[in-house]
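A look at the structure
Below are the chains, spelled out letter by letter.
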Amino acid sequence: MLVLTRKKGQSVMIGHDIEITLIDIQGDQVRLGIKAPMSVAVHRKEIYEEIRSENQLATMRSRDVLDRLKGRPTQEGAEPGT
């Protein structure tokens, strides 16, 4: 992990097109401004983890549905239609 010290108004560049600026500091909180191309998703980590978890659940459910449609046992080992 790279650790940097920045003052209010200073920025950090990630690659050529992502800029993170320290906007404000109040007590133990900082406000960051992030400029990134529209093609780059920017989320708070806790939101990113929720999205990732939901996507994994959706993938597992889709696999179970496809397995049932193909007549294969589901992941739990139950026979289709039981």
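Note that the structure is predicted; figures quoted are calculated from it, not measured.

Cut-offs applied
Starting from 1, residues in each chain are numbered consecutively following that chain's sequence as written. At least 70 in pLDDT is required for a residue's local features to be given in this predicted model, at least 80 for side-chain atom pairs to be given and counted, and no such filter applies to totals for whole chains, interfaces and linings, which use all residues. As a convention, hydrogens and water are excluded, and side-chain values are obtained from all of the structure's heavy atoms. At least two bridges found by DSSP between two strands are what make those strands a pair. Per the convention used, a helix needs a DSSP run of H or I reaching at least four residues, while a strand needs a run of E reaching at least two, with both numbered from the N terminus. For helices, the fitted axis covers only the stretch in contact; all axes are lines through C-alpha atoms, and the angles between them, taken along N-to-C directions, range from 0 to 180 degrees. Any Lys or Arg side-chain nitrogen found within 4 Å of a carboxyl oxygen on Asp or Glu counts as a salt bridge. Each residue's exposure class comes from its accessible area (1.4 Å probe, protein chains only) as a fraction of the maximum for that residue type: buried when under 20%, exposed when over 50%, partly exposed otherwise. Polar contacts, as counted here, are pairs of nitrogen or oxygen atoms within 3.5 Å of one another; within protein the pair requires one atom able to donate a hydrogen and one able to accept it, and residues that are adjacent in sequence qualify only if both atoms are side-chain atoms. In what follows, residue pairs with any heavy atoms lying within 4.5 Å of each other are defined as contacts.

1. Considering the sheet that holds strand S1 (residues 11-14)
Strand pairing within a sheet occurs via backbone hydrogen bonds; the two strands may be parallel or antiparallel. The strand order across the open sheet formed by three strands is S1-S2-S3, and the pairing between neighbours is antiparallel. The two strands at the open ends of the sheet, each matched to only one other strand, are S1 and strand S3 (29-35). Each neighbouring strand pair of the sheet contributes to a mean axis angle of 25°, computed without reference to strand direction. Relative to strand S2 (residues 18-26), S1 is paired through four bridges, and the arrangement is antiparallel. Following the sheet pairing, Ser11 is matched in S2 by Thr21.

2. Points about the pattern of salt bridges
Using the criterion set out here, one finds three salt bridges in the structure. For Asp24, the salt bridge is made with Lys8, and the minimal N-O distance between the two is 3.4 Å. Taken together, the positions of Asp24 in strand S2 and Lys8 in the segment before S1 put the pair 16 residues apart, joining distant regions of the chain. For Asp24, a relative accessible area of 15% gives the class buried. For Lys8, a relative accessible area of 54% puts it in the exposed group. Arg52 is the salt-bridge partner of Glu49, the closest N and O atoms lying 3.4 Å from each other. Pair noted here: Glu49 and Arg52 are both in helix H1 (residues 45-69), with a separation of three residues, about one helical turn. With relative accessibility at 39%, the residue Arg52 sits in the partly exposed group.

3. Observations regarding the side chain of Asp24
Within polar-contact distance, the side chain of Asp24 engages the side chain of Lys8 at 3.4 Å. Reaching out from Asp24, the side chain makes a polar contact with the side chain of Gln26 at a distance of 3.0 Å. Those residues within four positions of Asp24 in sequence are excluded, and the remaining contacts are Lys8, Gln29, Val30 and Arg31.

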